[in-house]
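# Fold and contact review
What follows is each chain in one-letter form.
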Amino acid sequence: MRREPPVPGLGTGRGGDLPPLRPGALCGASCRLPGETGELRTPRRVRSGAGDRRRPGWGTLPRLDLIAGLTVGLTVVPQALAYAEVAGLPLQYGLYSSFMGCFVYCFLGTAKDVTLGPTAIMSLLVSSYAFHEPVYAILLAFLSGCIQLAMGLLHLGFLLDFISSPVIKGFTSAASITISFNQVKNILGLQGIPRQFFLQVYETLRRIGETRAGDAVLGLACLAALAGLRVMKSRLPRAAPAEPLAVRVSYLIVWTSATACNALVVLFAGLVAYSFQVMGSQPLTLTGSIPQGLPAFRLPRFSMAAPNGTVPFWSMAEDMGVGLAVVPLMGLLETVAIAKAFASQNDYRIDPNQELLAMGFANILGSFVSSYPITGSFGRTAVNAQSGVCTPAGGLVTGTLVLLSLAYLTSLFYYIPKAALAAVIISAVVPMFDAGIFRTLWRVKRLDLVPLCVTFLLCFWEVQYGIVAGVLVSGILLLYSVARPPIKVSEGDALLVQPGSSLHFPAIEYLRDVMCSRALAAASPSRSIILDCCHISSIDYTAVVGLAELQQELRKHGLSLAFCSLQDPVLQVLLSADLEGFQHFPSWEEAERCGGAEPGGSGAAPFASTSESSLLPSGLIQ
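My aim in this report is to walk through the structure given alongside it, one point at a time. Keep in mind that what you see is a predicted model, and the values were worked out from it rather than measured.

### Considerations on the overall build of the protein
Counting secondary structure elements, the protein contains 24 helices and 11 strands. Put simply, the protein has 622 residues, and 50% of those count as buried. The contacts in the protein between residues at least 6 apart in sequence include a share of 77% that link residues at least 24 apart. Here the protein displays about 28,600 Å² of accessible surface, and carbon together with sulfur accounts for 63% of that area.

Printed below as a string of structure tokens:
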């Protein structure tokens, strides 16, 4: 029987043999209840056109998926209400946005841990581009889904690679501060505070004397409770299988309470508000009435009634402007980054293009049920993984729980204090602020602080300006590295010039200046020059023209130019260009030993081009 080759990346470093797999290693953090052991079914391997990717099997819904789905559902319901507030929409739209993504991703997604729904980042973007109008938000979801679906079909996921990590860190850190401060007004019980960040800070500080004591006390108490439960969960020791049953049950109760802390805090705050309502006095600001029932399944509206007429589709699209690019790209970036992180952590692979398709269908179908744009949630995905989810089917349970809440529980949401929802939001977004990234970039590469700071600062003005400016600055830095590649110059019997990267048109003038200045400054004017191309993997027409002009300029000064270590694609381009007196050698040692090319181009050398024609303007590069 033929032995299967080892799987790359899972070897021990000694011959590539696979170590024994722990139970559930391929289906999650451990595919079991916290503190519980026991071997489960090994996931099957799925083959696709993109190669092998390991994904858990689609058998009967296991009880671990049921537990994970319920746990995530208890987290998503209060968060959905809170994120709708961030988006500037009626609270029911947060719930409308929380179930369709769970159902779609269950069948189309490739990461078992990821959950789709409203997030703080996406809600902030919707607030900027939907103008607090549900019709705009729903249409934005539909158009974003169409763009994401097209990107998936055309395999354009590589475009996400042009959004650098400093830009992402700058945006998320600024969003953390913006969203948190946006909720301070609800913690303090202030009304009529503007949404623009700088005006918000000014008005909040000016009117801080109008703080409602009840909202402030409850909001701070909820924040303290959420922080305490999260710290308790992080320091909770795992119950060993040998521990008594009572210890394991106690651990499970504490773990579940800490995991579902958002639901517990909102429930406690709602009971407090209801108690005050029964006693006839209400010191808290309540959420208010939320329409009961499921949203209608219908096409999004492509026009909107206005006091002075109807706003047509093209005007709505023009109003959303750059948001039609920012929203789908940021949604895809967030989802793919989360999926890759948890796939790496839990030993399975994802298909990025399939993720684009899943996101596109989720947003398109979500717009049919009045959803605003959704994306992957890092916090809920972490809860899903920690709950031991084994397949994406856990999303079915989460989506069903949201639907049940819409159908039967919305009357109870009336008593949820706004201060409690504000505490849930602040608790969720504060960890997004990464203070250490500034110190890390200062130590690793200080130039990357430029796009980070540009994005971070401009996002306080307008989110779109921060993201676009950060991407532009990152692009300029990238183009600068292409235009000014590192060039190593060594002097010996010949002048050896070695570019450190591929040669494209922005860099050819810089290369010519370096070579001419060093060659003409040398003590012996008759020296030959060797261009070591070992690091050059591609070259364009403009660079070829520049090299031809460089040869002519060096020849006027009695100098010769030879090439060595040419890779096949570059050699084919140069041979097609038919450079006059073109000489190339397999290595710089052989070029130096042969004395390079003679100034007239007639020196004997291996692989010599004997053509005397000059560089032609067209039909050169094949």
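Back to the text.
### Some points on the pattern of salt bridges
Under the definition given, this model contains 9 salt bridges. Among the ionic pairs, D215 bridges to R212, the shortest N-O distance being 3.0 Å. According to the relative accessible area criterion, D215 is buried, its value standing at 0%. R212 sits in the partly exposed class, given a relative accessible area of 32%. Of the charged contacts in the structure, one is a salt bridge between E491 and R518, with a shortest N-O distance of 3.4 Å. Separated by 27 residues along the polypeptide, E491 in strand β7 (residues 487–491) and R518 in helix α21 (residues 505–521) bring together distant segments of the chain. Here E491 falls in the exposed class, since its relative accessible area comes to 54%.

### A look at the packing of aromatic side chains
Per the counting criterion, the structure on display carries 17 aromatic pairs. Each ring, one from F197 and one from F460, has its centre 4.9 Å from the other, and the planes form 35°; the classification is tilted. Linking F197 in helix α8 (residues 197–206) with F460 in the loop between α19 (449–458) and α20 (463–483), this pair joins segments that are 263 residues apart in sequence. Residue classification places F197 among the buried positions, given a relative accessible area of 12%. Judged by relative accessible area, which is 10%, F460 ranks as buried. Aromatic side chains F563 and F582 sit 5.2 Å apart centroid to centroid with 55° between the ring planes, which places their arrangement in the tilted category. Linking F563 in strand β10 (residues 560–564) with F582 in the loop between α23 (568–577) and β11 (584–585), this pair joins segments that are 19 residues apart in sequence. Site record: aromatic cluster; members linked through ring pairs are F181, F197, F198, F438, F456 and F460. The lysine or arginine in question, R446, covers the ring of W442, its NZ or CZ lying 4.0 Å from the ring centre.

### Considerations on the state of the cysteines
Under the counting rule described, the total for this entry stands at 0 disulfides. We note that C534 lacks a disulfide partner, and the nearest cysteine sulfur, in C564, lies 7.3 Å from it. What makes C534 partly exposed here is its relative accessible area of 31%.

### Points about empty space enclosed by the protein
Throughout the structure, instances matching the rule amount to 5 cavities of 30 Å³ or more. A volume near 80 Å³ is recorded for the largest cavity. As for the largest cavity, its lining consists of 13 residues, of which Y105, V114, T115, P392 and G395 are closest to the centre. For the lining of the largest cavity, the secondary-structure elements that each account for two or more residues are α3 (100–108) and α16 (394–409). The element best represented in the lining of the largest cavity is α3, accounting for 3 residues. Split into classes, the residues belonging to the lining of the largest cavity amount to 7 nonpolar, 5 polar and 1 charged.

Reading guide: rules and limits
Residues numbered from 1 in each chain as written. Predicted model: local features only at pLDDT ≥ 70, side-chain atom pairs only at ≥ 80, totals over all residues. Heavy atoms only, no water. Helix = DSSP H or I, 4+ residues; strand = E, 2+ residues; numbered from the N terminus. Buried < 20%, exposed > 50% of the residue type's maximum accessible area, 1.4 Å probe, protein only. Contact = heavy atoms within 4.5 Å. Areas by Shrake-Rupley, 256 points an atom, 1.4 Å probe, with all protein chains shown as cover. Salt bridge = Lys/Arg side-chain N within 4 Å of Asp/Glu carboxyl O. Phe/Tyr/Trp six-rings, centres within 6.5 Å; stacked < 30°, edge-to-face > 60°. Lys NZ or Arg CZ within 6 Å of the ring centre and 35° of its normal. Disulfide = S-S within 2.5 Å. 1 Å grid on protein atoms, 1.4 Å probe; cavity = no way out; pocket = protein on both sides within 12 Å on 5 of 7 lines; lining within 4 Å. Points joined across faces, edges and corners; volume = space filled by probe spheres on them. Nonpolar A, V, L, I, M, F, W, Y, C, P; charged D, E, K, R; others polar.

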